[in-house]
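Summary of structural features
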Amino acid sequence: MIVKDKLKTLYQLQQVDLKLDGLLEERGDLPAEVEELEKKIGALKAQIKENEDYLKKAVVRKKEIDKELEDARKRIDKYTDMRIKVKTNREYDALSKQIDNSKEKLQELHKELEGIQAKESVSSRDVEKLKKEFEEENELYSTKKVELDELVSLTHDEEKRYVKEREKHSQKIDRQTISRYEMIRRATRGKAIVPVVRRNACGGCYNVLPPQRLMDLRQMEKIFACDHCGRILVPNEIVEEAEHDG
Ligand SMILES: [Zn+2]
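Please read these numbers as outputs of a predicted model, since none were measured by experiment. (Residues numbered from 1 in each chain as written. Predicted model: local features only at pLDDT ≥ 70, side-chain atom pairs only at ≥ 80, totals over all residues.)

1. Quick notes on the overall build of the protein
The condition that has to hold: Labels follow the DSSP assignment, with helices taken as runs of H or I lasting at least four residues and strands as runs of E lasting at least two, numbered in each case from the N terminus. Here the globule rule reads 2.2 Å times residues to the power 0.38, and the radius of gyration is calculated from C-alpha atoms. Between the buried cut of 20 or more and the exposed cut of 12 or fewer other C-beta atoms within 10 Å of a residue's own C-beta lies the partly exposed class, and all C-beta atoms are placed from the backbone. We call two residues in contact when the distance between their C-beta atoms, placed using the backbone, is within 7 Å.
Along its length, the protein carries 7 helices and 3 strands. Its helices and strands taken in sequence order, the protein reads α-α-α-α-α-β-β-α-β-α from the N to the C terminus. Against the 2.2 N^0.38 benchmark of 18 Å for 246 residues, the protein shows a C-alpha radius of gyration of 38 Å, more extended than a compact globule. For the protein, the spread of C-alpha atoms along the three principal axes comes to 120 × 40 × 30 Å. Buried residues in the protein amount to 12% of all 246 residues. Considering only residue pairs separated by 6 or more positions, the protein has 72% of its internal contacts joining residues 24 or more positions apart.

Here it is in structure tokens:
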């Protein structure tokens, strides 16, 4: 593809992209708001699940603790009975040590149980609070999502047409040029291809172009960019041709 045609196609591509930008602009902050709410809802769901998982585990652990407490009490009773009947000091001391160990175990289990119960009540309260928050955010999300979907469907056909048109133009240009174009567009948040405007200035940043650059541009042997803003410069005759072609 000769430089002239490349520039023309790039310019046409940009015209389509600007129309697409216009469509997106009509949606305003709504897409960002919907996305933000989606994230919030996801985070709330995860927090609720985390708390509910803890509560489930707590029930299981409490049952285990009950059983362990019972076992420890039984051991204490058994060793106490045995201690009454022993004959030697050594046996007596050994059993006393077993009883102490079991008592210690009892204390540990009680402490763990208290900890679980405290955490359970915090978790239950949190779940309630989080669920309420979730409902509120979810309602807001549903409203905004419907609003956005309606907006999107209004311009759906138009958007589809532009996307197709965009594809048609971009297919003709090499990847390297396309990515250069897209990079400039991202950096400038708008136009990447600009004509020369009054008094030989760049149509993007309005800095005056040096005479040599103007001459280069007319030759159309290469793609030239503005030294100040980096936008690709396009001779006016090409702009006219591109707009004439539609
Ligand atoms: Zn410029």
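Structure's up, so let's keep going.
2. Things to note about the packing of helix 1 (residues 3-26) against helix 7 (residues 236-245)
Heads up, the condition is: Axis angles are defined between N-to-C directions and span 0 to 180 degrees, where every axis is a line fitted to C-alpha atoms and, for a helix, only to the segment in contact. Roughly parallel refers to an angle under 35 degrees, roughly antiparallel to one over 145, roughly perpendicular to one between 65 and 115, and oblique to any angle outside these ranges. By the definition used in this description, the sense in which the near helix is turned from the far one sets the handedness, with an anticlockwise turn below a right angle giving left-handed and a clockwise turn giving right-handed. Amino acids are sorted into nonpolar (Ala, Val, Leu, Ile, Met, Phe, Trp, Tyr, Cys and Pro), charged (Asp, Glu, Lys and Arg) and polar (every other residue, Gly among them).
Contact geometry of helix 1 with helix 7 gives a least axis separation of 9 Å together with a crossing angle of 60°. The orientation of helix 1 relative to helix 7 falls into the category oblique. You can see that helix 1 and helix 7 cross each other, and the crossing is right-handed. Listed contacts from helix 7 to K4, L7, K8, Y11 and Q12 of helix 1 are I238, V239, E241 and A242. Grouping the amino acids of the contact of helix 1 with helix 7 by side-chain chemistry returns 5 nonpolar, 1 polar and 3 charged.

3. With respect to the environment of K144
Structurally, K144 is set in helix 3 (residues 89-154). Separated by 110 residues in the primary sequence, K144 and V34 have C-alpha atoms spaced 6.3 Å apart. Those residues in contact with K144, other than ones at most four positions away along the chain, are L30, E33, V34 and L37.

4. Regarding the domain arrangement of the protein
Here is the rule we go by: The split into domains, and so the bounds of each, comes from an automatic or database assignment of domains.
Here the domain parsing of the protein yields domain 1 (3-27 + 158-245) and domain 2 (30-156). Taking only C-alpha atoms into account, the centre of domain 1 sits 61 Å from that of domain 2. In this complex, domain 1 contributes 6 residues to the contact, which on the side of domain 2 involves 6 residues. Among the secondary structure elements, those contributing two or more residues to the side of domain 1 that touches domain 2 are helix 1 and helix 4 (156-172). No other element matches the 3 residues that helix 4 contributes to the side of domain 1 that touches domain 2. A breakdown of the residues in the side of domain 1 that touches domain 2 according to their chemical character gives 1 nonpolar, no polar and 5 charged.

5. Description of the packing of helix 2 (residues 30-85) against helix 3
Between helix 2 and helix 3, whose axes approach to 5 Å, the crossing angle comes to 165°. By the criterion of interaxial angle, the relationship of helix 2 to helix 3 is roughly antiparallel. The way helix 2 lies across helix 3 gives a crossing that is left-handed. Here the residues of the contact of helix 2 with helix 3 are counted per class, giving 30 nonpolar, 9 polar and 21 charged.

6. Structural notes on the nonpolar core
To keep things clear, this is the line we draw: We define a nonpolar core as a collection of buried residues of the types Ala, Val, Leu, Ile, Met, Phe, Trp, Tyr and Cys that are connected via C-beta atoms lying within 7 Å of each other.
Formed by 19 residues in total, the largest nonpolar core has its most connected members in L10, Y11, I193, I232, L233 and V234. Mapped onto this core, the elements with two or more residues apiece are helix 1, helix 5 (175-188), strand 1 (193-197), strand 3 (232-234) and helix 7. For this core, the element with the highest residue contribution is helix 1, accounting for 4 residues. The contacts of L233, once residues within four sequence positions are left out, are V194, V196, C202, L217, F224, A225 and C226.

7. Some thoughts on the sheet that holds strand 1
For sheets, the rule is that strands pair by backbone hydrogen bonds, running either parallel or antiparallel. Inclusion rule: At least two DSSP bridges between two strands are required for those strands to pair.
Reading across from one edge, 2-1-3 is the order of the 3 strands in this open sheet, with mixed pairing throughout. Lying at the two open borders of the sheet, with one neighbouring strand each, are strand 2 (201-202) and strand 3. As paired strands, strand 1 and strand 3 are joined by 3 bridges and run parallel to one another. Across the sheet, the residue bridging to I193 is I232, located in strand 3.

8. So, the pairing of strand 1
The pairing of strand 1 with strand 2 spans 2 bridges and is antiparallel. Bridging across to strand 2, V197 finds its partner in A201. Counting the residues between successive antiparallel strands, the hairpin from strand 1 to strand 2 contains 3 residues, one of them, R199, with a positive phi of roughly 60°.

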